[in-house]
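Chain and residue survey
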Amino acid sequence: MGKQSKSGGCLGWLLAIVILALVVGAIVYAVKQKIDHANDNKPSPVPGPPGAIDKKYADALKIAMQFFDIQKSGKLVNNKISWRGDSGLKDGNEANLDLSKGMYDAGDHMKFGFPMAFTATVLSWAILEYGDQMAAVNQLEPAQQSLKWITDFLINAHPKDNVLYIQVGDPDLDHKCWERPENMKEKRRLTQVNITVPGTEVAAETAAAMASASLVFKTSNSAYSSTLLKHAKQLFNFADKYPASYSENIPEVATYYNSTGYGDELLWAASWLYHATGDRSYLDYATGENGKQFASWGSPTWFSWDNKNAGTQVLLSRLSLFGAKGVSGNSGLRNYRSSAEGVMCGLLPKSPSATSSRTDGGLVWISEWNALQHPVASAFLAALYSDYMLTSQTAKITCGDHSFKPSDLRKFAKSQADYVLGKNPLKMSFLVGYGDKYPQYVHHRGASIPADATTGCTDGFKWLDSTEPNPNVAVGGLVGGPFLNETYIDSRNNSMQAEPTTYNSALIVGLLSSLVTTSSAVKSFT
């Protein structure tokens, strides 16, 4: 009996120790969970002034900025591109206008007003948000100069209240030629929208470009800023008063930049005009009935030259996150912010509502044509929202039963930028001129033809068909990008993948500027 009692006692003590260990473990786990939960709800520190420079992104930004110089039309001032010269000097002559400035759209010599205005709006936004970070790597002044090259054109393209020239060049004729812009002799037909042939989306996007740019130049060139704002107000009134799709009224533009609707541009323009003027009527326009009709609240969309809704949702989130004066209680603003968070939830890979439209390498992939536009635009918005959260001391966003910190959004933004810069299965940079391996056969006329060659409209096609790499490097061009299976055909004839666009450049400049260093977001643009 004595031995049995001793054995039973040992077992009892052992059982007690096990139970005690389980209880202690449970308490430790509960405390840790509580601490982790508390940390989740604790905002991350607000970044200070621009900090340490990330050399990778700084180098890439300096390269990306150069593509704007390559795309410039007109009499070039302080030309930095050895193989570019003056071109398009007579553009606008048939209407007694100087439309020589502006930028060529892509690898061709067209000036399409719709995507060009979007380029200006995005570039303005990037400067307004990240001008201090651009300045830290000496890229603010080049960005401002490139922006003004476009807005100078837009001002001249708007000679009367309800008249806007939206295109220079005949796309059918232009695409039958392969020549340097400096050698163009073809007729440069002008296309306009007016009261008889209205075009709401292009007028509204141009209003957004001018309103946002007016903020960029408000301190450095107040007279120019006032001129831009005057044009922005006139164009918004024109766009709103005569609602009609430009690509329905002018069917030939639909082949190249067909609009899927103009409501998003009206909201985008009104939002920028509110930021530029502080006039409450513009905010009421965006958050009231028009918002209900056009904003796609609760239905995340992709930000692009055609659809501005996600951009507007992020832009207007500034107001509620930073507690702008006089906007508390605005249900429309709450809808914009919750919709912006829905966009973010769709981007974060671990979110329950994450998009499945990605390559195996992690690139958001939506379209075969110009595949990189959507991931770069999405990453730019994610970086912006991350910085808004940090600066406003917003600890997290909730996606279903998951929560995410600002650092998660920044990690996503970096993943897309890194993919573009070479962290991909091809080990190739899609930003021309960056890294050791990048496209050599870019679909770009000026880059493909030697600077000393003299060609007419059609005899230059031998350069398109040449098996030699481009003699000139289209430095900073962001090409269309990979297919879903992460292949890329480096061929000049492959415009789907190998053509860079000016608006892609604005988006990658915005993204890289957000990553080049860290700083707190400005709470107001004025």
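Conventions we followed
- Residues numbered from 1 in each chain as written.
- Predicted model: local features only at pLDDT ≥ 70, side-chain atom pairs only at ≥ 80, totals over all residues.
- Heavy atoms only, no water.
- UniProt positions renumbered as here; feature names shortened; annotations may be inferred.
- Helix = DSSP H or I, 4+ residues; strand = E, 2+ residues; numbered from the N terminus.
- Rg over C-alpha atoms; globule rule 2.2 N^0.38 Å.
- Buried < 20%, exposed > 50% of the residue type's maximum accessible area, 1.4 Å probe, protein only.
- Areas by Shrake-Rupley, 256 points an atom, 1.4 Å probe, with all protein chains shown as cover.
- 1 Å grid on protein atoms, 1.4 Å probe; cavity = no way out; pocket = protein on both sides within 12 Å on 5 of 7 lines; lining within 4 Å.
- Points joined across faces, edges and corners; volume = space filled by probe spheres on them.
- Nonpolar A, V, L, I, M, F, W, Y, C, P; charged D, E, K, R; others polar.
- Pairing = 2+ DSSP bridges.
- Salt bridge = Lys/Arg side-chain N within 4 Å of Asp/Glu carboxyl O.
- Contact = heavy atoms within 4.5 Å.

As annotated in an unreviewed UniProt entry, the protein chain is Endoglucanase from Gossypium darwinii. The heading Catalytic activity (unreviewed entry) in the UniProt record of the protein chain holds the text "Endohydrolysis of (1->4)-beta-D-glucosidic linkages in cellulose, lichenin and cereal beta-D-glucans." Note on the protein chain: under the UniProt heading Sequence similarities (unreviewed entry), the record states "Belongs to the glycosyl hydrolase 9 (cellulase E) family."

Observations regarding the overall build of the protein chain
When its secondary structure is counted, the protein chain shows 21 helices and five strands. Computed over the C-alpha atoms, the radius of gyration of the protein chain is 26 Å, within 12% of the 24 Å expected from 2.2 N^0.38 for a compact globule of 526 residues. Along the longest, intermediate and shortest principal axes, the C-alpha atoms of the protein chain span 115 × 55 × 40 Å. For the protein chain, the residues scored as buried account for 57% of the 526 residues in total. As displayed, the protein chain offers around 21,400 Å² of accessible surface, 54% of which is attributable to carbon and sulfur atoms.

Looking at empty space enclosed by the protein
It is a probe the size of a water molecule, rolled over the atoms, that shows where empty space is left. Applying the stated criterion to the full structure yields five cavities of 30 Å³ or more. The computed volume of the largest cavity comes to approximately 80 Å³. If you trace the largest cavity, you find 13 residues lining it, with Asp174, Met184, Glu186, Lys187 and Arg188 closest to the centre. Here the lining of the largest cavity is composed, by residue class, of four nonpolar, two polar and seven charged.

Quick look at the sheet that holds strand S3 (residues 190–193)
Spatially, three strands are ordered S1-S2-S3 in an open sheet, and the strand pairing comes out antiparallel. Each edge of the sheet is formed by a strand with only one pairing partner; in this case those strands are strand S1 (111–112) and S3. As judged from the two bridges shared by S1 and strand S2 (residues 164–168), these two strands associate in the antiparallel manner. Pairing of Lys111 across the sheet is with Val168, part of S2.

Looking at unusual backbone geometry
The phi dihedral of Asn78 is positive, around 50°, even though this residue is not glycine. Of note, Asn78 is situated in the loop between helix H3 (66–71) and S1. A positive phi angle is found at Glu486, which is not glycine, with a value near 65°. Looking at where Glu486 falls in the secondary structure, it is placed in the loop between helix H19 (461–464) and helix H20 (495–498). The exposure class of Glu486 is buried, given its relative accessible area of 8%.

Some words on the pattern of salt bridges
Within this structure, the stated rule accounts for 19 salt bridges. With a shortest N-O distance of 3.1 Å, Asp174 and Arg445 are connected by a salt bridge. With Asp174 in helix H6 (residues 171–174) and Arg445 in helix H18 (residues 445–448), this pair connects stretches of sequence that are 271 residues apart. Here Asp174 and Arg445 have matching classes, each one buried.

Observations regarding the layout of surface pockets
Taken as a whole, the largest pocket encloses approximately 680 Å³ of empty space. Around the largest pocket sit 30 residues that line it, and Tyr256, Tyr257, Trp369, Glu499 and Tyr503 are the ones nearest its centre. Elements with a contribution of two residues or more to the lining of the largest pocket: helix H10 (254–257), helix H16 (373–391), H19 and H20. Per element, the largest residue contribution to the lining of the largest pocket is three residues, and it comes from H10. Taken together, the residues that form the lining of the largest pocket break down as twelve nonpolar, twelve polar and six charged. Size it by volume and the second largest pocket reaches roughly 360 Å³. Forming the boundary of the second largest pocket are 15 residues, of which Pro349, Asp408, Lys411, Phe412 and Ser415 lie nearest the centre. A total of seven residues in the lining of the second largest pocket trace back to one element, the largest contributor, which is helix H17 (residues 406–420).

Notes on the pairing of S2
Across the five residues that make up S2, a large majority, five, are buried. Relative to S3, S2 is paired through four bridges, and the arrangement is antiparallel. Directly across from Gln167, in S3, lies its bridge partner Thr191.

Topic: the environment of Ser429
Within the secondary structure, Ser429 is located in the loop between H17 and H18. Taking C-alpha positions, Ser429 is 35 Å from Leu267, a pair spaced 162 residues apart along the chain. Apart from residues no more than four positions distant in its own chain, Ser429 is found in contact with Val420, Leu421, Gly422, Tyr434, Lys437, Tyr438 and Pro439.

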